[in-house]
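# A closer look at the structure
One letter stands for each residue in the lines below.
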There are 2 protein chains.
Amino acid sequence: MNKPHIVILGAGYGGMMAAAKMQKMIHPNEATITLVNKHDYHYQTTWLHENAAGTLHHDRSKIDIKEVIDRNRIKLILDEVVSIKREEKRVKFKNRDLYYDILIVSLGFEPATYGIPGLSEFAYSIKDINSARLIRERVEYNFALYTNEKKSKDGRLNIVIGGGGLTGVEFAGELINHIPTICKEYDIEKNLVKVFLLEGKDCVLSGYDESAVQYAMNSLQSRGVEIINDAVVKACTEDGIIYEKAGSEYKILSKSVIWTAGTKANSIVERLNLSMDHGRVKVRNDLRSIEDDSIYLIGDCSLHYDQNGNVLPSTAQIAMQQGEFIARNINAKIKGKEMTDFLPDISGMITSLGKDDGIAEIFNRILFGWKAAVLKRFADNWYLFKLGGIQLLMKKGKFNIFH
Amino acid sequence: MNKPHIVILGAGYGGMMAAAKMQKMIHPNEATITLVNKHDYHYQTTWLHENAAGTLHHDRSKIDIKEVIDRNRIKLILDEVVSIKREEKRVKFKNRDLYYDILIVSLGFEPATYGIPGLSEFAYSIKDINSARLIRERVEYNFALYTNEKKSKDGRLNIVIGGGGLTGVEFAGELINHIPTICKEYDIEKNLVKVFLLEGKDCVLSGYDESAVQYAMNSLQSRGVEIINDAVVKACTEDGIIYEKAGSEYKILSKSVIWTAGTKANSIVERLNLSMDHGRVKVRNDLRSIEDDSIYLIGDCSLHYDQNGNVLPSTAQIAMQQGEFIARNINAKIKGKEMTDFLPDISGMITSLGKDDGIAEIFNRILFGWKAAVLKRFADNWYLFKLGGIQLLMKKGKFNIFH
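Every value quoted in this text rests on a predicted model; they were computed, and no experiment measured them.

On to the overall build of chain A, then. Summing up its helical and strand segments, chain A has ten helices and 25 strands in all. For 403 residues, the compact-globule estimate of 2.2 N^0.38 gives 22 Å, and chain A sits close to it at 22 Å. When its C-alpha atoms are laid out on the principal axes, chain A stretches across 70 × 45 × 40 Å. Across the 403 residues of chain A, 55% fall into the buried class. Within chain A, contacts between residues separated by at least 24 positions form 66% of all contacts whose residues are at least 6 apart in sequence. Accessible area for chain A stands at about 17700 Å²; split by element, carbon and sulfur atoms hold 49% of it. When the 53 basic and 51 acidic side-chain charges of chain A are each reduced to a single mean position, those positions are 5 Å apart.

Here you go:
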């Protein structure tokens, strides 16, 4: 093998962590490393619900890639993937083509709409900085319109969140806290605004312990979120959302439907002609695709099973671990050593419910309220420290822990 | 005459000034005075273009009526006029009826669209706090949408201002200054944004001296506003505006058309069955309507001619003078004295072109640039002082005179 060309697609949690670790392990004499990303920034996907709700400015969630990447070690290219030609080991971008020896696909997720009519046209998703900012603006625009309308205003102030998983619940918690501020800005009475959270299963946050779920529901409901369980979404229209519950069909009028109920891998990987399941590409224990030795998939693009045969969740935690792991493994491969198997280390789950509130299951304990919220900030700060050291932590960390 | 009931409709420049002066002149034993307004705030109509552009928060333009009105002297009612029954001397509001002996109609203006198709559906107007805020949000919403669109984005970042009069020019001047800030917020390249100013006549700011017009055009054009004179607007559509120039028809694609080319009296007065012209009610020299001795009309509702037979402009300056005048005249009438005739005192015109820039014609002099801008702030502050004394001036004045 000549000096190999390692191409990393996407600077999300997985890709950034892989690049940050590789630049320390792999010498430019050993391999050429290129990181390609659409924007010049990495962003905190786990903070996007705050940007969408308007409680945290999106600039806080952005991290300049150049602050993390040593460009003497890694070439940074801003471009957008069009397609991957596996047989030629070539990636076609909008403005160039690149040949690779080793390809790390960390292109993240897209919202999964499961073929439900109208969702892709009329619903909004929290998937990146642009879409999170759009949700904030969509809500504000509707509030601004409201005081200018003389005719029917049905549903203009209803906000519907489709999906009571992590993102839906976290977004609901932030949004409901922010409603009084938005109401003040637009001269609207608070009690005219309604926030609905629709969940298809019989409870939100499935996977969490019953007591944590109860805590979360109480927390949201006491602040005014209307949670509707067993609500199977049938369609989204220009003026609202239609769902079925216990055999009857209901419609909630709304101009702001936010769909958070599920993700799949970036659609680029669907056209790779590799084995897939659950909308993601199946990988071997070393995170290579089953059919192609040169392609590694991490984060939301990759489908991996743990020791018990369960699908690993699509979380930032796993993506980061996979990024670190793959850096070590590719370093080993380049240096002629054995590659190892990925062993996920899931220490727990932490879910924010808004400012100073949350739930967590960690080290077999369940935490509620401010303790969970503090833990979440700690985890966020820990990531920043691992990615960019003390400097990045100081610049982008969340330190308002007790205020 | 028993103790008369004076009802003031609308707390704009005219109504507020009338109320503020009357409460000092007329004792509660002499007359009952009621001020009815839709909102609990008065607003600086002459600052709305800044609220719409996003350079000044709308809260800065609001003045709490209760801060100006002495409620031991004047009863303040929040309600909306539905109709005026002249023969019964009764005003029907949404939530009540009131009988009057003297009625002061100061209900302000509405945009005049001259029957041009589509303007009332698709164009936005700067007419009050709500509509100014909506324009700000409309522009921001379109900018937020832009970075989320994959298909045609034609015109999403074009902003068209219809009308090169005072409001259109002042709005253009503020908006073009604010574009870099909005672009930064929404990650958009500045040169993708276009601001058009369409004027039907052969030059903007008609009425101003040629040198002032040239200065204003240079100022706007040098900052990127595209001024199109002799552009007769034919229609507004969901996706833009159509105009005719020199026999040809043109279309500018835009999702944000702001119509500033003309005003008429609040449509409530159209149904009064009084003599009208130019969309306003003709008044006698003492500002009573020609047909009805009990009804006084001031500000944008009233059509008055100066000594030379010219129609008085529809400006804040005139409205305030009429408010003061009418307070004095009604006070005279109540005390059994002679009423006098209104003599407008037009000291000049001042037009802002954005931060620290403007033009003014005053005391037969023409001023440009920062001198005009300072003068404009001085005039704004003078109004606040007259309305609410030193306290209101300190609270709401514009004091950032030199930067």
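This part covers the relation of the copies chain A and chain B. Related by rotation about an axis and a shift along that axis, the two copies of the chain form a pair. The transform that puts chain A on chain B rotates by 180 degrees and translates by 0.0 Å along the axis, for an RMSD of 0.0 Å. A rotation of that kind, with that shift, is consistent with a two-fold axis. Among all residues of chain A, the minimum C-alpha distance to the rotation axis is found for Tyr141 of chain A, at 3.3 Å.

It is worth spelling out the domain arrangement of chain A at this point. Residue and element names in this part refer to chain A. Domain annotation for chain A reports domain 1 (5-111 + 263-347) and domain 2 (119-259). Computed from C-alpha atoms alone, the centre-to-centre distance between domain 1 and domain 2 is 32 Å. In this complex, domain 1 contributes 18 residues to the contact, which on the side of domain 2 involves 15 residues. For the domain 1 and domain 2 pair, buried surface summed over both sides reaches about 1600 Å², with 68% attributable to carbon and sulfur atoms. Looking only at domain 1, the three residues that lose the most surface to domain 2 are His49, Ala52 and His58, adding up to 33% of its buried area.

Glancing now at the sheet that holds strand β24 (residues 358-362) of chain A. All names here are of chain A. Read from one edge to the other, the open sheet built from three strands follows the order β23-β24-β25, with strand pairing classed as antiparallel. Each having just a single partner strand, β23 (348-352) and β25 (365-368) make up the two edges of the open sheet. Strand after strand, the sheet turns through a mean of 10 degrees between neighbouring axes, direction not considered. Looking at chain direction, β23 and β24 are connected through five bridges and run antiparallel. The residue bridging Met349 from the neighbouring strand is Glu361, located in β24. Where helix α8 (residues 210-222) meets the sheet, it contacts β24 and β25, and its direction lies at approximately 10 degrees from that of β25.

Another point: the packing of helix α1 (residues 13-25) of chain A against helix α9 (residues 316-334) of chain A. Residues and elements named next belong to chain A. Their axes nearest at 7 Å, the elements α1 and α9 cross at an angle of 30 degrees. Classed by the angle they form, the pair α1 and α9 counts as roughly parallel. Like other packed secondary-structure pairs, α1 and α9 cross with a definite hand, here right-handed. Contacts between α1 and α9 involve Tyr13, Gly14, Met17, Ala18, Lys21, Met22 and Met25 from the first element and Ala316, Ala319, Met320, Gly323, Glu324, Ile326, Ala327, Arg328, Ile330 and Asn331 from the second. When grouped by side-chain class, the residues that make up the contact of α1 with α9 number eleven nonpolar, three polar and three charged.

We now examine the nonpolar core. One finds Phe143 and Phe171 of chain A together with Phe143 and Phe171 of chain B to be the most contacted residues of the largest nonpolar core, which totals 91 residues. Residues contacting Phe143 of chain B, with those up to four places away along its chain left out, are Leu157, Ile159, Ile182, Cys183, Tyr186, Ile188 and Val193 of chain B. Counting 66 residues, the second largest nonpolar core, distinct from the first, contains Leu76, Val81, Ala265 and Val281 of chain B.

Before going further, it helps to examine the interface of chain A and chain B. The figure often quoted for interface size is the accessible area lost as the parts come together. Taken residue by residue, the interface counts 22 residues in chain A and 22 residues in chain B. Put simply, chain A and chain B have six salt bridges between them. Its salt-bridge partner being Glu185 of chain A, residue Arg136 of chain B comes within 3.0 Å of it at the nearest N-O pair. Joining chain A to chain B, the criterion identifies 28 residue pairs in polar contact (both at pLDDT 80 or more). Contributing elements (two or more residues each) for the side of chain A that touches chain B: α3 (58-61) and α6 (129-146) of chain A.

Cut-offs used in this document
Per chain, residues are indexed from 1 in the order of the written sequence. The naming scheme follows written order: chains are lettered A onward, ligands numbered 1 onward. Two thresholds apply to this predicted model, a pLDDT of at least 70 for residue-level local features and 80 or more for giving and counting side-chain atom pairs, whereas whole-chain, interface and lining totals are computed over all residues. Hydrogen atoms and water are omitted, and side-chain values are computed over all heavy atoms in the structure. Helix numbering and strand numbering both begin at the N terminus, where a helix is a DSSP run of H or I of at least 4 residues and a strand a DSSP run of E of at least 2. Each radius of gyration reported is based on C-alpha atoms, and the globular scaling rule is 2.2 Å times the count of residues to the power 0.38. Here the term buried applies to any residue with accessible area under 20% of the maximum for its type, exposed to any over 50%, and partly exposed to those in between, with areas from a 1.4 Å probe on protein chains only. Working rule for contacts: check all heavy atoms of both residues, and any pair within 4.5 Å makes them a contact. Per-residue and other accessible areas were derived by the Shrake-Rupley procedure at a 1.4 Å probe size, with only the shown protein chains allowed to occlude residues. Under the counting rule used here, the positive set is Lys and Arg, the negative set is Asp and Glu, and His together with the chain ends is not counted. Note on charges: their place is set at NZ of Lys, CZ of Arg, CG of Asp or CD of Glu. Alignment of copies: least-squares fit on C-alpha atoms of residues with pLDDT of at least 70 in both copies. Segment limits for the domains were obtained from an automatic or database-derived domain assignment. What gets called buried area is simply the loss in accessible area from a 1.4 Å probe that two parts show on being joined, summed for both. Note on pairing: DSSP must find at least two bridges between two strands before they are called paired. Throughout, an axis means a line fitted to C-alpha atoms (over the contacting stretch in the case of helices), and angles, computed between N-to-C directions, take values from 0 to 180 degrees. Each angle receives one of four descriptions, namely roughly parallel if under 35 degrees, roughly antiparallel if over 145, roughly perpendicular if within 65 to 115, and oblique otherwise. Two helices crossing with the near one rotated counterclockwise from the far one by less than a right angle form a left-handed crossing, whereas a clockwise rotation gives a right-handed crossing. All amino acids are sorted into three groups, where Ala, Val, Leu, Ile, Met, Phe, Trp, Tyr, Cys and Pro are nonpolar, Asp, Glu, Lys and Arg are charged, and the leftover types, Gly among them, are polar. Residues belong to a common nonpolar core when they are buried Ala, Val, Leu, Ile, Met, Phe, Trp, Tyr or Cys residues joined through side-chain atoms within 4.5 Å. Salt bridges are counted wherever a side-chain nitrogen of Lys or Arg sits within 4 Å of a carboxyl oxygen of Asp or Glu. Pairing of N or O atoms within 3.5 Å defines a polar contact, subject to two protein rules: one partner must be a possible hydrogen donor and the other a possible acceptor, and residues neighboring in sequence count only if both atoms are side-chain atoms.

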